[in-house]
Amino acid sequence: MDKDLLETLKKLEESHISIAIRSRADCLDQLLAEEFWEFGSSGVIYDKQHCLEEGVVLTEMTLHHYGIQTLAEGIVLATYMIEDKTLDRNTFRSSIWTWKDGRWQLTFHQGTITMQSPAEVDFKQWRDKTT
């Protein structure tokens, strides 16, 4: 696995969940690909236009168990867990990052609410099956 790529995408993912970035449409515009869409943990489907015009949820979140898998040249799947301290809930997350126009852009994102805590989850067992 490319450790530099993992760290680069992890930093981008951390910026994607930070209130400082999520509260600014200009920052989200740079992070999200034009064709971005999301299955929200709420069950609602969002696109980039909605995120920029209506805004996104602003909560204090912590990222856990971050890992990546290369799907094709310039396309990477990231999987991880979020601990949302504001909403007092945890979610499994997946993102597809695409290298386009000289930068990594978030193309797709998905969140699923879980009752498990970060300490109860072992993503490694699942990631090892794909390598």
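Use the structure listed above.
Since we're looking at a predicted model, the values are computed, not measured.

## Notes on the overall build of the protein
If you tally the helices and strands in the protein, you get five helices and six strands. The order of helices and strands in the protein, counted from the N terminus, is α-α-α-β-β-α-β-β-β-β-α. For 131 residues, the compact-globule estimate of 2.2 N^0.38 gives 14 Å, and the protein sits close to it at 14 Å. With the principal axes as the frame, the protein shows a C-alpha extent of 40 × 35 × 25 Å. Counting over 131 residues, the protein shows a buried share of 40%. Considering only contacts in the protein between residues 6 or more positions apart, those separated by 24 or more positions represent 50%. Approximately 7,600 Å² of the protein is accessible, and the part contributed by carbon and sulfur atoms is 53%. Taking the 14 positively charged and 22 negatively charged side chains of the protein as two groups, their mean positions are separated by 4 Å.

## Regarding a negative patch on the surface
A cluster of acidic residues, D2, D4, E7 and E14, forms a negative patch on the protein surface. The topology assignment puts E7 in helix α1 (residues 3–17).

## Regarding the packing of aromatic side chains
Throughout the structure, instances matching the rule amount to five aromatic pairs. Aromatic pair W37 and F39: ring centres 4.9 Å apart, planes at 80°, arrangement edge-to-face. Since its relative accessible area comes to 36%, W37 is described here as partly exposed. An angle of 40° between the planes, with centres 5.5 Å apart, marks the rings of Y66 and Y80 as tilted. Here Y66 is found in strand β3 (residues 61–72), whereas its partner Y80 is found in strand β4 (residues 75–84), with 14 residues between them in sequence. Judged by relative accessible area, Y66 falls into the buried class, the value being 10%. Since its relative accessible area comes to 0%, Y80 is described here as buried. Aromatic rings pair up to connect W37, F39 and F108 into one cluster.

Rules used in this analysis
- Residue numbers run consecutively from 1 along every chain, following the written order of its sequence.
- Restriction of local features to residues with pLDDT of at least 70 applies here, the model being predicted, together with a cutoff of 80 or more for giving and counting side-chain atom pairs; totals for whole chains, interfaces and linings are based on all residues.
- The side-chain values count all of the structure's non-hydrogen atoms but skip hydrogen atoms and water molecules.
- Secondary structure elements are defined from DSSP: runs of H or I of at least 4 residues count as helices, runs of E of at least 2 residues count as strands, and each element is numbered from the N terminus.
- Here the radius of gyration uses the C-alpha set of atoms, whereas the globule reference equals 2.2 Å times the residue count to the power 0.38.
- Using a 1.4 Å probe on the protein chains alone, a residue whose accessible area is under 20% of its type maximum counts as buried, one over 50% counts as exposed, and one in between counts as partly exposed.
- Two residues qualify as a contact provided that any one of their heavy atoms is within 4.5 Å of a heavy atom in the partner residue.
- Here the open area of atoms and residues is found with the Shrake-Rupley method and a 1.4 Å probe, where only the protein chains shown may cover a residue.
- Asp and Glu are treated as the negative residues and Lys and Arg as the positive ones, with His and the ends of the chain left uncounted.
- Where a charge lies is defined by one atom per residue type, namely NZ (Lys), CZ (Arg), CG (Asp) and CD (Glu).
- Residues form patches when they are more than 30% accessible in relative terms and have no salt bridge. Like charges link within 9 Å. Nonpolar side chains (Val, Leu, Ile, Met, Phe, Trp, Tyr) link within 5 Å.
- In what follows, salt bridge is the name for a side-chain nitrogen of Lys or Arg lying within 4 Å of a carboxyl oxygen of Asp or Glu.
- Think of it this way: a Phe, Tyr or Trp ring, Trp meaning its six-membered ring, pairs with another when their centres are within 6.5 Å, and the plane angle makes it stacked under 30 degrees, edge-to-face over 60, tilted otherwise.

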